[in-house]
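Examining the three-dimensional arrangement
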Amino acid sequence: MSPQAILRKPDASPPLVVRRGLMPAALIAEAVDTLREMLCPEGPGEADLDTLVDRLRARDRSGLGAVYDAFRETLIFQRLIAAPALVEAAQGLVGAARLHAPFQHAVFRMDLAGEAWRGFQWHQDAPYNVLSDAYVTAWLPLTDSGVANGSIQAAPALSDRLWPVDIRYKRDAEGRRLSTRDAFIAEALQPRFETAAETLELGTGDVALFHNRLVHRSGFNPGPRHRYSVQVRFGDLMAPEMLARGWRNRRVDGFETFKILYPDLIASEETP
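Structural notes, computed from the coordinates. The structure presented is a predicted model; accordingly, all values stated were derived computationally and were not measured.

Strand order in the open sheet formed by three strands is β8-β7-β13, with mixed pairing between adjacent strands. Sheet topology places β8 (177-185) and β13 (266-269) at the edges, where each strand pairs with a single neighbour. The sheet shows a mean angle of 30° between the axes of neighbouring strands, direction not considered. In this sheet, β13 lies alongside strand β7 (residues 165-171) in parallel orientation, the contact comprising three bridges. Pairing of D166 across the sheet is with S268, part of β13.

What follows is about unusual backbone geometry. Residue P224 is reached from G223 by a cis peptide bond, and omega for that bond is 15°. Residue position: P224 is located in the loop between β11 (216-218) and β12 (227-236).

Strand order in the open sheet formed by four strands is β4-β11-β6-β9, with antiparallel pairing between adjacent strands. In this open sheet, the two edge strands, each paired with only one partner strand, are β4 (120-123) and β9 (198-199). Pairing analysis gives three bridges linking strand β6 (residues 152-154) to β11, with the strands arranged antiparallel. From the neighbouring strand, A154 faces β11, where its bridge partner is H216.

A ring pair, where both rings are aromatic, is described by two values, the distance of the centres and the angle of the planes. Applying the stated criterion across every chain, the model contains eight aromatic pairs. Their ring planes at 50° and their centres at 5.0 Å tell us that F258 and Y262 sit as a pair that is tilted. Each member of the pair F258 and Y262 is classed as buried. Aromatic ring contacts, followed pair by pair, group Y68, F71, F77, F103 and F108 into a single cluster. R177 extends its terminal NZ or CZ atom over the ring of Y169, reaching a point 4.4 Å from the ring centre.

Criteria and thresholds
Residues numbered from 1 in each chain as written. Predicted model: local features only at pLDDT ≥ 70, side-chain atom pairs only at ≥ 80, totals over all residues. Heavy atoms only, no water. Pairing = 2+ DSSP bridges. Helix = DSSP H or I, 4+ residues; strand = E, 2+ residues; numbered from the N terminus. Axes fitted to C-alpha atoms, helices over the stretch in contact; angles between N-to-C directions. Phe/Tyr/Trp six-rings, centres within 6.5 Å; stacked < 30°, edge-to-face > 60°. Buried < 20%, exposed > 50% of the residue type's maximum accessible area, 1.4 Å probe, protein only. Lys NZ or Arg CZ within 6 Å of the ring centre and 35° of its normal.

What follows is the structure, encoded as structure tokens:
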């Protein structure tokens, strides 16, 4: 399948914009403190976030998973993803008077050091979150993110189109198949992005905003520091394609809708 056959007309906005210091420091600090208290309800003392994560991971990995899930239900998480400065920045890139930001598309991630199986390969957000054509992702770190802990790598120069994907089930550390899936860019195409890649260095308060076409990956975290981040998706609530679909969007993943819209972009699909 030739990528030249699937060119999409790009919009006027750049595929990637980094806004330094966009998020209020007090809001990020409250989010980190909330996580520390959830990780150690008896009192975190002076221990930092990484230390508390390592303690809980060592004695109760399922308990760490419970914190991961419950943090998305906290008020501070809601305040993060609806922060006025963040919404304003997204609105400027989407170019919409009213934004569409389904809560199930907002993600909290803990990318723990040394867990090679958690590396996220080259992909675009479009297959995962089928919103309006011009939607953007806001990627904001809760702690510093860079080369040392496997930050986002991006290939803006190769982000002028939608690329074919392999839809595969996720695997755990032992290779067992999980219930959710990924849609990485087709394996045969992956090597071409290596030479065009740039690694983003983001401090707390910085935000990377990127179009759903941006080719990117979250690298393997070599450590020793873990990586904590929040991702939010913003689209045009009143876009014609959203009105036509009655605002339907995925509850588990967006691949079924993506397959209907772009059947020629499914290079392969793993079946149950």
